[in-house]
Amino acid sequence: MQDESYHPLGCLDGADVGVQSTPAGQDILIRQSDTGQSLACLLGFGKADLVRQTNAYYWRIVHNRQVDDLLVELIDLLISIRYAHPAMVQLEMLLEPDEP
């Protein structure tokens, strides 16, 4: 995406995710893919517009208070799910080869 107001934030299963400034705030843009569509439907409460940017399609979700509240709830829940797993190491310790 070449728009100067677009700021890439990362990828989710190969789909770029970023934000784009708007006069009212910002939109969340998620590149079209199966995973991207699922995330867009979740964040958009089942409503997301498909827009063409340069040579790719993106799901556009208006980042409003309702979406922001959902983002906070999801972050908290995902952190709790990960920390609750009994076999996952939360903090890895790397020792130098000469340390026991």
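Right above here is the structure, for reference.
Per-chain numbering applies: the sequence of each chain, read as written, is numbered from 1 onward. A pLDDT threshold of at least 70 governs which residues receive local features in this predicted model, and a stricter bar of 80 or more applies before side-chain atom pairs are shown or counted, although totals over entire chains, interfaces and linings include all residues. To get the side-chain values, all heavy atoms of the structure are used, and hydrogens and water are removed first.

S.K.: So, the pairing of strand 4 (residues 49-53): which residues are in play, and what are the values?
M.R.: In terms of strand pairing, strand 4 meets strand 5 (residues 56-62) through five bridges, oriented antiparallel. For Asp-49, the partnering residue across the bridge sits in strand 5 and is Arg-60. Here, any two strands with at least 2 DSSP bridges between them count as paired. For the purposes of this entry, the term helix denotes a DSSP run of H or I that reaches at least four residues, the term strand denotes a run of E that reaches at least two, and both are numbered from the N terminus. In textbook terms, the turn of a hairpin is the stretch between consecutive antiparallel strands, and for strand 4 and strand 5 this stretch comprises two residues, one of which, Thr-54, has a positive phi near 55°.

S.K.: Please set out helix 1 (residues 34-43) residue by residue, giving values where relevant.
M.R.: Within the span of helix 1, buried status applies to Gly-36, Ala-40 and Leu-43. Angular distribution of buried residues about the axis of helix 1 spans 70°; they occupy a single face of the element. Residues Asp-34 and Ser-38 are exposed on helix 1 and point more than 90 degrees away from its buried face. We call two residues in contact whenever any of their non-hydrogen atoms come within 4.5 Å of each other. Buried residues belonging to helix 1 abut strand 3 (25-31), strand 5 and helix 2 (65-84). The first or second residue beyond helix 1 is Phe-45, which carries a positive phi of 55°. For the exposure calls, accessible area comes from a 1.4 Å probe over protein chains only, and a residue counts as buried if that area is under 20% of its type's maximum, exposed if over 50%, partly exposed in between. It is the directions from the helix axis to the C-beta atoms whose arc is reported.

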